[in-house]
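# Understanding the architecture of this molecule
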Amino acid sequence: MEYAILNTGAKMPLEGFGVFQIPDAVECEQVAYNAIKTGYRLIDTAAAYRNEEAVGKAVARAVADGLTTREELFITTKVWVTDQKTEDSAYQAVKTSLAKLNMPYVDLILLHQPMGDYFAAYRGITKAYKGGLTKSIGVANFYPGVLTNFCETVEIIPAVNQVELHPFFAQEKAVENMKAYGIVPQAWGPLAEGKHCIFTDPELVKIGEKYGKSAAQVVLRWNAQRGVSIIPKSVHEELMKQNFDIWDFALTDQEMATVAAKNLGHSEIVNHDDPMFVKYCVGAAKTF
């Protein structure tokens, strides 16, 4: 495993495991436990995923079984838009998440979207950071213009910005902008949620064959090699292991360029500039 040192001094694994779209508590607990057993030490959840309790139980079971220690783990959760109203609502959301996780602290708290009064909400998670409830704070889905204004305004620069990053939406300038502020880019959907025939793409498959790796492993390695943290997800243990097995090879400059050339310049998963998407997130208490 390789690591990123955050601007708070915290050490974050470059690869973690996400639990988005695993709302069933029993399944999520087992999947998160299996991920830890496989070797993942970064587990990424969120209030909006409605599975923080399950993640907390998985962590407690893994620690009790001697698979790891809490100190070895890096746990991330996020404050959803409905709690990004005031400083206090965000701060209380952190405390609610900790109660659900059954943990005295987490390693990273993110604002989930640049919506609502996210400046006030960030002051709330800053308060949580100063109070020892989290080791680091950051944001998610903050695109270059919004992120730049944010960084030029807030007291503490975000440690992480979690956005959609994969070969078909490489966002190279956004990544450069994050790094200029000392922010670690983190990829949600690093496998493009299976779109674009990413697992059978001839060029990706060919590169993988050279190293005895799959197209998915090539894609994950590409992001990691450009300094992007990745949080792939699978409910299948064999795929968890495969996704984790990317640290024994390196792509050449030409191979990196071949993968990057697939960039379409836009997302085909979600458009954060779509007013209807924003209205949905701000106006609904629903989760994803």
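Residues numbered from 1 in each chain as written. Predicted model: local features only at pLDDT ≥ 70, side-chain atom pairs only at ≥ 80, totals over all residues. Heavy atoms only, no water.

Moving on to the layout of surface pockets. Taken as a whole, the largest pocket holds about 730 Å³ of empty space. In terms of lining, the largest pocket is formed by 34 residues, of which the most central are Phe20, Gln21, Trp188, Gly189 and Glu193. For the lining of the largest pocket, the leading source of residues is helix 9 (residues 237–244), giving three residues. Partitioned by chemical class, the residues of the lining of the largest pocket number 18 nonpolar, 12 polar and four charged. Approximately 200 Å³ is the volume found for the second largest pocket. (1 Å grid on protein atoms, 1.4 Å probe; cavity = no way out; pocket = protein on both sides within 12 Å on 5 of 7 lines; lining within 4 Å. Points joined across faces, edges and corners; volume = space filled by probe spheres on them. Helix = DSSP H or I, 4+ residues; strand = E, 2+ residues; numbered from the N terminus. Nonpolar A, V, L, I, M, F, W, Y, C, P; charged D, E, K, R; others polar.)

Counting buried positions over the five residues of strand 9 (residues 184–188) gives five, a clear majority of the element. Of the two faces of strand 9, the one carrying Val184, Gln186 and Trp188 and the one carrying Pro185 and Ala187 are both buried. In this view, the connection linking strand 8 (residues 160–164) to its parallel neighbour strand 9 by way of helix 6 (residues 172–180) has right-handed handedness. Pairing geometry for strand 9 and strand 10 (residues 229–230), over two bridges, is parallel. Counted as the bridge partner of Ala187 is Ile230 from strand 10. (Buried < 20%, exposed > 50% of the residue type's maximum accessible area, 1.4 Å probe, protein only. Right-handed = clockwise from strand over helix to strand, strands pointing away. Pairing = 2+ DSSP bridges.)

Here we take up the sheet that holds strand 7 (residues 137–140). Pairing between the strands of a sheet is mediated by backbone hydrogen bonds and can be parallel or antiparallel. Taken in spatial order, the eight strands line up as 3-4-5-6-7-8-9-10 in an open sheet, and their pairing is parallel. Each edge of the sheet is formed by a strand with only one pairing partner; in this case those strands are strand 3 (17–18) and strand 10. Here strand 5 (residues 74–79) runs beside strand 6 (residues 108–111); their pairing, made up of four bridges, is parallel. Along strand 6, the bridge assignment pairs Thr76 with Leu108. Of the strands in this sheet, strand 5 and strand 6 are in contact with helix 3 (residues 87–101), which crosses strand 5 at around 135°. (Contact = heavy atoms within 4.5 Å. Axes fitted to C-alpha atoms, helices over the stretch in contact; angles between N-to-C directions.)

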